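Okay, here's what each chain looks like letter by letter:
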Amino acid sequence: MPELTAEVERLSLVIEIGRMPVRVNTTDPDFLAMLERRYSGFLGSSEKAEMEFDVELVQPGFVQPSFVQRDSVQPGFADPDAGVRVTHQRGRWSLTRGDFRAEWNPAARRGSIRQSANPYSIDAVLRIVHSLVLARQGGFLLHSASALRNGKAFLFAGVSGAGKTTISRLAPPDATLLTDEISYVRKHDDGYVAFGTPFTGELAKLGENVSAPVAALYLLAQGPENRIDPVAPGEAARSLLANVLFFAEDEELVQAEFHSAFEFVSRVPVSRLTFVPDARVWELIR
Amino acid sequence: MSRLFVARNPRVAARCLDGEMMIMSGRDSTLFTLNRTATILWQAADGTTPLDEIVQSKICPAFDVEPAEALHDAENVARELASHEILQISEEPIPPATALAGESR
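Cut-off values and rules
- Residues numbered from 1 in each chain as written.
- Chains lettered and ligands numbered in written order.
- Predicted model: local features only at pLDDT ≥ 70, side-chain atom pairs only at ≥ 80, totals over all residues.
- Heavy atoms only, no water.
- Buried < 20%, exposed > 50% of the residue type's maximum accessible area, 1.4 Å probe, protein only.
- Helix = DSSP H or I, 4+ residues; strand = E, 2+ residues; numbered from the N terminus.
- Pairing = 2+ DSSP bridges.
- Contact = heavy atoms within 4.5 Å.
- Buried area = accessible area lost by both parts, 1.4 Å probe.
- Salt bridge = Lys/Arg side-chain N within 4 Å of Asp/Glu carboxyl O.
- Polar contact = N/O pair within 3.5 Å; in protein donor to acceptor, adjacent residues only side chain to side chain.
- Nonpolar A, V, L, I, M, F, W, Y, C, P; charged D, E, K, R; others polar.
- Bend = angle between axes of the 7 residues up to and from the residue.
- Axes fitted to C-alpha atoms, helices over the stretch in contact; angles between N-to-C directions.
- Parallel < 35°, antiparallel > 145°, perpendicular 65-115°, else oblique.
- Left-handed = near helix turned anticlockwise from the far one by under 90°.

(A) Expanded view of the pairing of strand β17 (residues 270–275) of chain A. Residues and elements named next belong to chain A. Most of β17 sits out of view: five of its six residues are buried. Note that strand β14 (residues 211–222) and β17 share six bridges and pair parallel. Residue pairing in the sheet places Ala 221 in a bridge with Thr 274 of β17. Here strand β15 (residues 227–230) pairs with β17 via four bridges, running antiparallel. Bridged to Arg 227 within β17 is Thr 274.

(B) Layout of the interface of chain B and chain A. Each partner contributes to the interface: chain B provides 21 residues, whereas chain A provides 19 residues. In total, chain B and chain A occlude about 1,700 Å² of area from one another, counting both sides; carbon and sulfur atoms represent 63% of this. Here Glu 20 of chain B and Arg 238 of chain A are joined by a salt bridge, their closest N and O atoms 2.8 Å apart. In this structure, the connection of chain B to chain A is made through five residue pairs in polar contact (both at pLDDT 80 or more). Elements with a minimum of two residues in the side of chain B that touches chain A: β2 (12–17), β3 (20–25) and β4 (31–34) of chain B. Tallied by class, the residues present in the side of chain B that touches chain A amount to nine nonpolar, five polar and seven charged.

(C) The side chain of Arg 149 of chain A, seen in detail. Residues and elements named next belong to chain A. Here Arg 149 is to be found in strand β9 (residues 140–149). Within the structure, Arg 149 has its side chain in polar contact with the backbone oxygen of Ile 285 (distance 2.8 Å). The residues contacting Arg 149, other than those within four sequence positions of it, are Phe 154, Pro 172, Asp 174, Ala 175, Trp 282, Ile 285 and Arg 286.

(D) Helix α2 (residues 51–63) of chain B, seen in detail. All names here are of chain B. Along its length, α2 shows its largest kink, about 30°, at Ser 57, and proline Pro 61 lies within four residues downstream of that point. For α2, the set of buried residues is Leu 51, Ile 54, Val 55, Ile 59 and Cys 60. In this structure, the buried residues of α2 make contact with β1 (5–8), α1 (36–44), β5 (46–50) and α3 (67–83). One or two residues past the end of α2 sits Asp 64, with phi positive at roughly 50°.

(E) Geometry of the packing of α1 of chain B against α2 of chain B. Residues and elements named next belong to chain B. With their axes 10 Å apart at the nearest point, α1 and α2 run at an angle of 140° to one another. Considered as vectors, α1 and α2 are oriented oblique to each other. Helix-helix and strand crossings are classified by hand; for α1 and α2 the assignment is right-handed. Along its contact with α1, which presents Arg 36, Thr 37, Ile 40, Leu 41 and Ala 44, the element α2 presents Leu 51, Ile 54, Lys 58, Ile 59, Ala 62 and Phe 63. Split by residue class, the contact of α1 with α2 holds eight nonpolar, one polar and two charged.

So this is what it looks like as structure tokens:
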């Protein structure tokens, strides 16, 4: 008589971004291989992951969008993941978008993701989870490029078209790209540290998995010459908030993120970087 | 004519930076930057001081304006801020326990 049940092998890998190891479990070896390629350079070996997600793979289109979706950018926050809904109830976070449904219990450090076998859904889940963790720690994900040079990290914030990809592409050999799209900023002692991320923009090139103290935030603008101009504190805070990636419909976290932005601008110089698209702009960034 | 009392909504986050008061709604993340009148009003909105007293003691000296006109403008500002749920307004004093929880840092 044949066995009615079979042992399903559980496969896993650890994705470590911002020194936060997240274990992802799956039963599909092809999906695992795809993740290994996607997060190459960000794979951890730690056996002690800070949280763990079980991925259940379903057919594309099987995950339906939630009935209520945010259909526009929330004022004040950049939102590259249109249609994402992140809510908190009874200690659990619920993350939904048309292509995935996920749950995360921070106390248990466990969660689940229901998606098809694609790298984009889990990428969005990771961004959201990291943004939630960082919000409680005074950090954030920022819609900005970032690079490391001379042991310091520089952030370049701006909406699409402001020049994040361009300035990343112009980076000289002695600069290390952390990301061309989404920067990872963690509060550390009296300052902030930026980490490389695998979250890419038009450049489609993963950042390096390294980190450095944040030396400056530049608000990007394109113009007829390369120059750096001071920015008033209020404008700095507004611009920072406009570029913070934040998804949660949660008053406490919104307030925490708001105050984190002000802490950041009180500790990190914020300037406007106007540049023409040529490599000489990097002479100003040291 | 009844007096109006105003209190800061505890469900918003607020910061004053370089003279600019910025407020974010915890409900929907909307960011507001208050003008000078609204900033004075916000800072004085303790729930127990009537609006006309705030106008008399804080707004008139700052803007050199007639009290009646200033009160009219202040009421409009207060109602607009209340429509965004930044301020609470009432014809009765608003208990400090609920009024001051969201005071700006």
